[in-house]
Amino acid sequence: VQLTHGGSFSDRHVTHTQQLAPSRVFNPAGLDFPKEMTERDLNEVKSHFARGACLARDAGFDAVELHCGHGYLLSQFISPLTNKRTDRYG
């Protein structure tokens, strides 16, 4: 099973919250400025990924893949275009 997070590509009309991203960089696909993730946001997302992996294991999946491509949250952290942070996540 693949786990991912849409990051700045998330649709705030579906999630009812502002998109999260490494930095507040305009996303032309989402036509919006996401919220720069705080340490608390980062820890919460990390916890959700871990919980998702545990649920997948408990459901009988043989493997869990973290989807880090196509401009979603995890790839936004490794791109200098979307990650302007100066902390340890930059």
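Just above sits the structure.
Residues numbered from 1 in each chain as written. Predicted model: local features only at pLDDT ≥ 70, side-chain atom pairs only at ≥ 80, totals over all residues. Heavy atoms only, no water.

I'm lost on the packing of aromatic side chains in this one. Help?
Aromatic rings in a pair are described by how distant their centres are and how their planes are angled relative to each other. Within the structure shown, the criterion is met by two aromatic pairs. Between the aromatic rings of F9 and Y72, the centroid separation amounts to 5.8 Å while the plane-to-plane angle is 80 degrees, which identifies the pairing as edge-to-face. Here Y72 lies in the loop between strand 4 (65–66) and helix 3 (73–78) and F9 lies in the loop between strand 1 (2–3) and helix 1 (12–15), a separation of 63 residues in the sequence. For Y72, a relative accessible area of 31% corresponds to the partly exposed category. (Phe/Tyr/Trp six-rings, centres within 6.5 Å; stacked < 30°, edge-to-face > 60°. Helix = DSSP H or I, 4+ residues; strand = E, 2+ residues; numbered from the N terminus. Buried < 20%, exposed > 50% of the residue type's maximum accessible area, 1.4 Å probe, protein only.)

Would you mind showing me how to read the pattern of salt bridges here?
Opposite charge on two side chains lets them pair, provided their charged atoms get close. One pass over the structure, following the stated rule, counts five salt bridges. Where R57 meets D58, a salt bridge forms, and the shortest distance between an N and an O atom there is 3.1 Å. On the accessibility criterion, D58 (54% relative accessible area) is exposed. A salt bridge links R85 to D87; the shortest N-O distance between them is 2.8 Å. (Salt bridge = Lys/Arg side-chain N within 4 Å of Asp/Glu carboxyl O.)

I'm lost on the environment of H70 in this one. Help?
Residue position: H70 is located in the loop between strand 4 and helix 3. The exposure class of H70 is exposed, given its relative accessible area of 67%. Residues H70 and K46, spaced 24 residues apart in sequence, show a C-alpha to C-alpha distance of 19 Å. Those residues in contact with H70 that sit more than four places away from it in its chain are F9 and S75. A distance of 3.0 Å separates a polar atom in the side chain of H70 from a polar atom in the side chain of H67. (Contact = heavy atoms within 4.5 Å. Polar contact = N/O pair within 3.5 Å; in protein donor to acceptor, adjacent residues only side chain to side chain.)

What's the story with unusual backbone geometry in this structure? I'm lost.
Of all residues except glycine, most have a negative phi; of all peptide bonds, most are trans. For H16, which is not glycine, the phi dihedral falls at a positive 60 degrees. Tracing the sequence through the fold places H16 in the loop between helix 1 and strand 2 (20–21). For H16, a relative accessible area of 68% gives the class exposed. Here the phi dihedral of H70 falls at roughly 60 degrees; this positive angle occurs in a residue that is not glycine.

Teacher, can you tell me more about the side chain of D32 here?
One can find D32 in the loop between strand 2 and strand 3 (35–36). With a relative accessible area of 17%, D32 lands in the buried category. Side-chain polar atoms of D32 contact the side chain of R12, separated by 2.9 Å. When near neighbours in sequence (up to four residues on either side) are disregarded, D32 contacts R12, Q19, V25, F26 and N27.

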